[in-house]
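# A look at the structure
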Amino acid sequence: MFDNLNKTEKIYLNFNASKVRWLSESKITPSDYFCLGSAENFKSVSIWKQNSTLDDFEPVILSEYQNLDGYVTEIKSKSLEEFFLSTSNGSVYHFKCYHDEQRLIELNKWSKANDVVNGFDFNNDGEELCFVTENGTINFIRLRSQINNLNDLDYNELCSLNSVLYLKHFEIAVSDSLGRIKIWDSRSRENKKSCLSLFMEGESSSITCMANDPNKKHIIACGNLNGIIAIYDVRSNKRPFTLTHNHSEPITEIGFHPFSGDSLFSSSFNGGLWSWNSSNRGELKSGWEDRTVNFKNYLDSNRYTLNSFDLNNDKILAVNNNLCLYKLKYQNLF
Amino acid sequence: MDETPSFKIFTDPSWRRIISQSREVFNDLHQNLETNSQTEIIKTETVNLSDQCLDANQKYIDIIDNELHIISADNENREKLQVMLQVWKLCQIIFIKSSPSGTLLTDLQEWYQTTNNIDPMVQAIFSSNSENTEKLHLDDKYWICILLAVAQGRIDTGRHLLSFYPIDKAPVVRTINELLHTMPNLSTHSHLSLFEFKAKWEYWQKKCVQVLTSENFEGDDNGGMQTICKLLCADESTFLSLKLMFNNWYYMLISYMSYANPTFNISDLHMSIESGPFMKEFENELDEFDAIILKIFEFDVDVIVNECVKLFSNNFFSAHFLNILHLTGKLQLKSEIDFGSAFREENRLPIQEQHLIEYSLQLLSAAWSPSLLSLNQTAFDYLLKCQMDETGIELIETYLERIPLTEISQSEANKVFYIAFQYGLHDLAFSIGRVMQMRALKGRQYGDALTWNAKIKDCSFGNILADKIMEEFFQSNDLKLLDLTESLVKEIIYSDRLIFLNKYREFYRLAYLSSKSERTENLKQAIDLLVHLLQVPNLIPFKFKKLVFFQLHDLIDQNVFNEDQLFNVLKSIQLYENRRRFLAIRPISGEVHECSLEDENSEENKWKSLFEKLSGKIAENFVQNKIEF
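Cut-offs applied
Residues numbered from 1 in each chain as written. Chains lettered and ligands numbered in written order. Predicted model: local features only at pLDDT ≥ 70, side-chain atom pairs only at ≥ 80, totals over all residues. Heavy atoms only, no water. Helix = DSSP H or I, 4+ residues; strand = E, 2+ residues; numbered from the N terminus. Rg over C-alpha atoms; globule rule 2.2 N^0.38 Å. Buried < 20%, exposed > 50% of the residue type's maximum accessible area, 1.4 Å probe, protein only. Contact = heavy atoms within 4.5 Å. Areas by Shrake-Rupley, 256 points an atom, 1.4 Å probe, with all protein chains shown as cover. Lys, Arg positive; Asp, Glu negative; His and termini not counted. Charge placed at Lys NZ, Arg CZ, Asp CG, Glu CD. Pairing = 2+ DSSP bridges. Axes fitted to C-alpha atoms, helices over the stretch in contact; angles between N-to-C directions. Salt bridge = Lys/Arg side-chain N within 4 Å of Asp/Glu carboxyl O. Parallel < 35°, antiparallel > 145°, perpendicular 65-115°, else oblique. Nonpolar A, V, L, I, M, F, W, Y, C, P; charged D, E, K, R; others polar. Buried area = accessible area lost by both parts, 1.4 Å probe. Polar contact = N/O pair within 3.5 Å; in protein donor to acceptor, adjacent residues only side chain to side chain.

## Quick word on the overall build of chain A
Tallying secondary structure elements over chain A gives zero helices and 28 strands in all. Over its C-alpha trace chain A gives a radius of gyration of 19 Å, about what one expects of a compact globule, namely 20 Å for 334 residues. The principal-axis extent of the C-alpha atoms belonging to chain A is close to 55 × 50 × 30 Å. For chain A, the residues scored as buried account for 63% of the 334 residues in total. The contacts of chain A with a sequence gap of at least 6 include a subset with a gap of at least 24, amounting to 48%. Surface summary for chain A: the accessible area is close to 13400 Å², and the carbon and sulfur share equals 45%. If the 35 positive side-chain charges of chain A are averaged to one point and the 42 negative ones to another, these points end up 3 Å apart.

## Notes on the pairing of strand S3 (residues 33–38) of chain A
All names here are of chain A. Of all the six residues making up S3, six are buried; the element is thus mostly covered by neighbouring parts of the structure. Burial along S3 is two-sided: Tyr-33, Cys-35 and Gly-37 and Phe-34, Leu-36 and Ser-38, pointing in opposite directions, are all buried. Relative to S3, strand S2 (residues 17–22) runs antiparallel, the two being bridged by five bridges. Within S3, the residue paired with Lys-19 across the bridge is Gly-37. Note: S3 against strand S4 (residues 45–49), five bridges, orientation antiparallel. Its bridge partner being in S4, Phe-34 is matched across the sheet by Trp-48. Linking two consecutive strands that pair antiparallel, namely S3 and S4, is a turn of six residues; a positive phi of about 55° is found at Glu-40 within it.

## Structural notes on the sheet that holds strand S16 (residues 180–185) of chain A
What holds strands together in a sheet is hydrogen bonding between their backbones, with the strands either parallel or antiparallel. All names here are of chain A. Pairing within the open sheet is antiparallel, and its four strands lie in the order S14-S15-S16-S17. Two strands bound the open sheet, and with one partner strand each, they are strand S14 (161–168) and strand S17 (196–199). Adjacent strand axes in the sheet meet at a mean angle of 20° when their direction is disregarded.

## Here we look at the sheet that holds strand S5 (residues 60–65) of chain A
All names here are of chain A. An order of S2-S3-S4-S5 is seen for the four strands of this open sheet, with the pairing classed as antiparallel. Across the chains shown, the open sheet's two edge strands, defined by having one partner strand only, are S2 and S5. Within the sheet, the average angular offset between the axes of one strand and its neighbour, ignoring direction, is 20°.

## Focus: the pattern of salt bridges
Enumeration according to the criterion identifies 30 salt bridges over all chains in this entry. Between Glu-506 of chain B and Lys-503 of chain B there is a salt bridge; the shortest N-O distance is 3.9 Å. Placement of both Glu-506 of chain B and Lys-503 of chain B in helix H28 (residues 496–512) is noted, with a separation of three residues, approximately one turn of the helix. Judged by relative accessible area, which is 28%, Lys-503 of chain B ranks as partly exposed. Connected via shared salt-bridge partners are Glu-157, Asp-176, Arg-180 and Lys-182 of chain A together with Glu-486 of chain B.

## As for the packing of helix H26 (residues 459–476) of chain B against H28 of chain B
Residues and elements named next belong to chain B. H28 packs onto H26 with a crossing angle of 30° between their chain directions and a minimal axis gap of 7 Å. The pairing of H26 with H28 is recorded here as roughly parallel in orientation. Residues Gly-462, Asn-463, Ala-466, Asp-467, Ile-469, Met-470, Phe-473 and Phe-474 of H26 form the contact with H28, whose own contacting residues are Asp-496, Arg-497, Leu-498, Phe-500, Leu-501, Tyr-504 and Tyr-508. Residues of the contact of H26 with H28, tallied by class, amount to ten nonpolar, two polar and three charged.

## Some words on the interface of chain B and chain A
With 44 residues of chain B in contact, the opposing surface of chain A contributes 40 residues. Summing both sides of the interface, chain B and chain A together bury roughly 3600 Å²; the carbon and sulfur share of this comes to 49%. When the area that chain B buries against chain A is broken down by residue, the three leading residues are Glu-24, Tyr-418 and Lys-480 of chain B, summing to 17%. Summed over the shared surface of chain B and chain A, the number is 23 residue pairs in polar contact (both at pLDDT 80 or more). Of all the elements in the fold, those that place two or more residues in the side of chain B that touches chain A are helix H1 (13–38), helix H21 (373–384), helix H23 (410–422), helix H25 (446–456) and helix H27 (479–483) of chain B. Among the elements that take part in the side of chain B that touches chain A, H1 of chain B stands out by supplying ten residues, more than any other. Considering only residue class, the side of chain B that touches chain A consists of eleven nonpolar, 16 polar and 17 charged.

Keep in mind these numbers describe shape, not what the thing actually does.
Right, dumping it as structure tokens:
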């Protein structure tokens, strides 16, 4: 079980952050660096460092880039020093930071005019990045090619697409505002049809966020505007396993525990950071349906929309809509 | 040039931090009070209330204090924040903490010490004379430091500095040191009653006077020792002579009172202001700030309402402080007492709500674009507490109505919708939904239009949307148009056209998209479905009926119709033709324009072929049945 060993610490920023992400190769590799993407009409991204040896949470800002073309809609880190981010003005940026010299450099930028990039993901090799937009387009970027290679799937969904995840090397899952998750094969650009379309009957609320299980890529969890979390197994067409609060506040972000797919975190509009824990009584292979789920709110003192959170090893960072940055620490699962 | 003040200052980073933290304190305070009032503890309630309010006020002060520590020395907000801190602290002392008989000494001294901090000066002396401390007493700031320390009641600092004066030069140093050491201190003697403390003080002051008159002040350069002694004796003229050191009449007054009458209370303070010479001394240099301080000392709450707002150019301080006063029941304005109820308009808002509203409006005007929704939400929190005549909610609604929905992204629109819903502004939420669904339709994002439509369950628009989607489908044959309803099946029951669209999608999938093995079975199901649809009156929109019949035409050859179904189809065609004839005579707009195929010839041919096939199949069935029979 997860016990909160250390107190929840918080500091006040002087802007509202829409996304917080640890900078690291993977969620397991511990890191002291994180980046904050701004919300609303600020257009900046900043890199921070926290000193894990200190008792108090006093992160220091290392570098900042203030010329983005819109507010930040998604950040994903590739390594300790590289990350991608997407903005509300249709662009995807590639940044590199030099922590010791406190520099942040824009390496590359791809844009789609008059559109809002809602989410993106890149595959394991770092060869390809896929981003989805509000106008319903799915676009691919070849990261390793010499020319700026941006092309899209010859298919324009008639609703906004909210997030995308790479399941396998060539397989992506795209969620949209009609509550559906569609699985596409990214190899062919003339795709007119997705391989699979998943949705919950009776629940067509817009899916706002998705995450996949760290160990089993075919398990996806998604949260929607009605506050319902659904856990899909994309191999089967079964009805997904759903988790709900006793309120219907939209879910802003969702993420699995870095080490195990038995535990899930979600943040919502009313400020709670919930941990959902399916207890494992020594059984080997059972899904969420077969176990009891315990849940707990780790930020019940917060009453303002939790915009985003991220996990790294045993630390969680979260940002809310009242300029606060929280840091929480948890006992490792094993 | 009289410009309306711009409140863009509120978007400044320092101010944002202060605003956000204050908002949290404000919300927490009101939340706690609400939960307290719901429990049944009556006795401790009043005590809790004022404690909590004092706590909250202290938190406000701490917020500003912290901010001053964080920001750099050349930040443009520094001065204003320092003034605000000074005023707020003084208001806390006089309006909240003080009681008619309570002593003000400790609090006012602390106020003097923190708002006119001599630590930097002291540290400068030590650092510039760190090598040879024998010369320390010759530093030009030396005596000023000691005098200020004594004036402010920082006796330990004063004594420490005094210890650097060479004793052999002036033996009176020892005596002065002794006096300072034995000075009765109100906080350490709190166990004594005021009367006892006064007695102790008078005894000690007699000793000071003795020292002043009889001791030998030899070796006292600048007369510093003598001045100290005179201060201890509460010699008025000495205080007046140190005008430059004090710099302000209020500091001088506090300092004098702390030696002349250390147990002074608020009325003593008033008397000394009126009868004392201190204000007169500074007469020519008094400015607005001095007037404000004077009014605060006189317990005139109106100063917060009027002058402080002007001083700070915004209502941040007045809104929060008046709220605290209102909650503790200490809000008594002179204007309200003087005019009496006859002059008061019946529906005028209480003053503290007026200021809350002012502050909120200032926040809202600072957030000039919808992208600063979080600042708007801060303002809404304050507006919600203005419950008189629902002024607050109305203002929130007015503001939300003005957000330009056509320029923001879908996720932002969702947020605005959610906020409207949260505050119970259902009409507003509905109209937001209507604007967004229309916007999506115009941009040909039918999926988004459907989501918004399903959210607000707008029947008439739902019908229009369904028609549009079907029309496009018949033109382009693009399957994803039909698929839009696949996840909405249970939710679109409010619009029959949408239901039809959904059923049509089922039919289409069964009829044309099944795998080979299931084909016949599915076809039968499909035909069954379609014939049932045809029979429901008015389900299939008139303009699509023709096209549906033509689709049937293609399926007839597949041998999946049974007899009843064929007859039903004939009946529906008959009804359709009747309707068509009726509309030719009396056209009803919306129903007249049918979706047609490319040219009239092929249409005529299709009808012919359809009738042929239908009659052929019926005849076949008839014959077969007869034979079997």
